[in-house]
Amino acid sequence: MSQKPFEEIVAEHGPTVLRVCRAVLGPVDAEDAWSETFLAALSAYPRLRAGSNIEAWLVTVAHRKALDHVRAASRRPIATNELPERPARDSGSAGWESGVWKALEALPLKQRQTIAYHYLVGMPYLQVAQIVGGSQDAARRAAADGIATLRQTLLKGESR
Amino acid sequence: MMNERRAKVDESGLFAALPTIDEEVSRRLHRRLVEAANAAGVLDVAYRTIDTPVGALLLAATQKGLVRVAYASQDHDRVLDGLARDVSPRILQDPARLDRVAREIEEYFAGRRRVFGVPLDLQLSHGFRRTVLSHLREIGYGQTASYAAVAKASGNPKAVRAVGSACASNPLPVVVPCHRVVRSDGTMGQYVGGVEAKDALLTLEATA
């Protein structure tokens, strides 16, 4: 069977990949990571084996691109004082309800990744584990711990 | 462009507050991808559609030139699937690469253009059919030629039917003027875009 035009791949999977990038990286870097993911995917697309799970393939590429951003960010000097009442840094943050990214950002990276791949994409933990490394059980635990923390943080925020 | 698909297992409901992906975000990301893909030289086929008096036309171009023009009756989705198979699956909607072609086609339908100047990529046509296409381009605006005459010009006077099938499979209708080939008795004959479209083009060229 021949491959679909890549335009269809973007239409079908673009939103899911963006949600993943947003959950893992937050509003500022998400669109950069999305663009890098789809450029790399377009480039490699003709070599993709027939019958491949395209969503899993794209999430795997997005996982690596997001890691690049995380590593780059960890090498950047950290501002000692957060500016008060900082306005939205760019259009990428439009529509974010305050608190959600803050709560996600406070989680360890692996918890954010497993939550994104399992809860936002709908991947089974076996597949999640293949992407983040480690065992299926470890992936399940990371996601469960992350969700528990998130629930606590966000519910606490609501009752304030 | 992108259809928002609800995450299937957000049973926690915790992500309801994540921003939705609206049209504006989709368009911005798509535009960015197209730019990056062009800069990296990995956008093998760019396409767009334009509205014309003979319906919506699909225009597709490789980096070499215009590779495909298709009528709505040919089913644009199927044509794109064919391009993915026969040229490359690295296909994105990119109106900018087709700007010049679109402008020339608009001028043609407005009666202000008689010859197309855009570079063509004839890779979808092979052998005798390709020879036929090159001779079609010698039939001037407002002129017609019979299938038999084109067969003769293409070096095979007996291949009248083959000329018919070369016209029927012309990957670049309108621009490569297979509509100017008619039957020896003066009647129009068949057309890849339907007889009505052929009639419209011939009438346009006779009166413009």
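The structure under discussion appears in the preceding block.
Residues numbered from 1 in each chain as written. Chains lettered and ligands numbered in written order. Predicted model: local features only at pLDDT ≥ 70, side-chain atom pairs only at ≥ 80, totals over all residues. Heavy atoms only, no water.

(A) Geometry of the overall build of chain B. The number of helices and strands found in chain B is seven helices and six strands. For chain B, the α and β elements follow one another from N to C terminus as α-β-β-β-α-β-α-α-β-α-α-β-α. Per-residue burial over chain B gives 51% buried out of 208 residues. For chain B, restricting intrachain contacts to residue pairs at least 6 apart in sequence, the fraction spanning at least 24 positions comes to 60%. (Helix = DSSP H or I, 4+ residues; strand = E, 2+ residues; numbered from the N terminus. Buried < 20%, exposed > 50% of the residue type's maximum accessible area, 1.4 Å probe, protein only. Contact = heavy atoms within 4.5 Å.)

(B) Focus on unusual backbone geometry. Residues and elements named next belong to chain B. For Asp75, which is not glycine, the phi torsion reads 70° and is therefore positive. Checked against the element boundaries, Asp75 lands in the loop between strand 3 (66–71) and helix 2 (76–86). Even without being a glycine, Val174 presents a positive backbone phi close to 75°. As for its placement among the helices and strands, Val174 is situated in the loop between helix 6 (160–168) and strand 6 (181–182). For Val174, a relative accessible area of 1% gives the class buried.

(C) Representation of the pairing of strand 2 (residues 55–61) of chain B. Residue and element names in this part refer to chain B. Of all seven residues in strand 2, five are buried, a share of seventy percent or more. Examined bridge by bridge, strand 1 (residues 45–52) and strand 2 share seven bridges and lie antiparallel to one another. Looking at the pairing, Ile50 lines up with Leu57 of strand 2. Hairpin connection from strand 1 to strand 2: two residues lie between these consecutive antiparallel strands. Where strand 2 meets strand 3, five bridges bridge the pair, whose relative direction is antiparallel. By the bridge assignment for strand 3, Ala60 is matched with Arg68. (Pairing = 2+ DSSP bridges.)

(D) Highlighting the pattern of salt bridges. Residues and elements named next belong to chain B. Applying the stated criterion to the full structure yields 14 salt bridges over all chains. Note that Glu107 is salt-bridged to Arg113, the shortest N-O span being 2.8 Å. For Glu107, a relative accessible area of 18% corresponds to the buried category. When the shortest N-O distance is used, the salt bridge between Arg180 and Glu205 registers 2.8 Å. Taken together, the positions of Arg180 in the loop between helix 6 and strand 6 and Glu205 in helix 7 (residues 195–207) put the pair 25 residues apart, joining distant regions of the chain. Counted as one network, the salt bridges with shared partners bring together Arg100, Glu104, Glu107 and Arg113. (Salt bridge = Lys/Arg side-chain N within 4 Å of Asp/Glu carboxyl O.)

(E) Focus on the packing of helix 3 (residues 54–75) of chain A against helix 6 (residues 125–132) of chain A. Residues and elements named next belong to chain A. Contact pair helix 3 / helix 6: the axes reach a minimum separation of 10 Å and the direction vectors enclose 35°. The element helix 3 and its partner helix 6 pack so that their crossing is right-handed. Facing helix 3, whose interface residues are Ala56, Val59, Thr60 and His63, helix 6 presents Gln127, Ile131 and Val132. Residues of the contact of helix 3 with helix 6, tallied by class, amount to four nonpolar, three polar and no charged. (Axes fitted to C-alpha atoms, helices over the stretch in contact; angles between N-to-C directions. Left-handed = near helix turned anticlockwise from the far one by under 90°. Nonpolar A, V, L, I, M, F, W, Y, C, P; charged D, E, K, R; others polar.)

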